[in-house]
Amino acid sequence: MGRGRAKAKQVKVARQLKYNSGGTDLERLRDELGVRDDSNHNDDADDSYDELADRYADYADDFGSGDDRDEGAPGRR
């Protein structure tokens, strides 16, 4: 029979979370989640992209542009 008291407590906590949204410490949250700084992240992403682009550029040179496909390929019109 103690369900009413537990439900009332849950409702109270839910209301506090909904209406009393205190200031969120975004720096602390970033540290807890282990997110890197955005300025460093973009540099690393650009370097990774450049490496991939260089690697696959060699394949594009080897296999050509793909314009010499068969014009009568089944399923394509």
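So, here is what we can say about the structure in this document. Sequence order as written defines residue numbering, which begins from 1 separately in each chain. At least 70 in pLDDT is required for a residue's local features to be given in this predicted model, at least 80 for side-chain atom pairs to be given and counted, and no such filter applies to totals for whole chains, interfaces and linings, which use all residues. Side-chain metrics rest on all non-hydrogen atoms present in the structure, leaving aside hydrogens and water.

**Quick notes on helix α2 (residues 26-33)**
Here's how the labels work: a residue is buried when its accessible area is under 20% of the maximum for its type, exposed when over 50%, partly exposed in between, all with a 1.4 Å probe on protein chains only. Note on conventions: DSSP H or I runs of at least 4 residues are helices, E runs of at least 2 residues are strands, and numbering of each starts at the N terminus. Within α2, only 0 of the 8 residues are buried, which leaves it mostly out in the open. Within two residues after α2, G34 carries a phi angle of roughly 75°, on the positive side.

**Let's talk about a negative patch on the surface**
For patch building, the residue pool is restricted to those with more than 30% relative accessible area and no salt bridge; the joining distance is 9 Å between like charges and 5 Å between nonpolar side chains (Val, Leu, Ile, Met, Phe, Trp, Tyr). Per-residue accessibility takes into account occlusion by the displayed protein chains alone, with areas from the Shrake-Rupley method and a 1.4 Å probe. Take a side-chain nitrogen of Lys or Arg and a carboxyl oxygen of Asp or Glu: if they are within 4 Å of each other, that pair is a salt bridge. Only four residue types enter the charge count, namely Lys and Arg as positive and Asp and Glu as negative; His and the chain termini do not. We put the charge of a Lys on NZ, of an Arg on CZ, of an Asp on CG and of a Glu on CD. On the surface, a cluster of negative charge is made up of D46, D47, D50, E51, D54, D58, D61 and D62. As for its position among the elements, D58 is in helix α3 (residues 38-63). Classification of D58 as partly exposed rests on a relative accessible area of 48%.

**Description of the pattern of salt bridges**
If you walk through the whole model with that rule in mind, you get 2 salt bridges. Put simply, E32 and R28 hold a salt bridge, and the shortest N to O gap is 3.2 Å. With E32 and R28 both in helix α2 and 4 residues apart, this pair spans about one turn of that helix. Exposure remark for E32: the relative accessible area of 57% places this residue in the exposed category.

So yeah, pure geometry; function would need other evidence.
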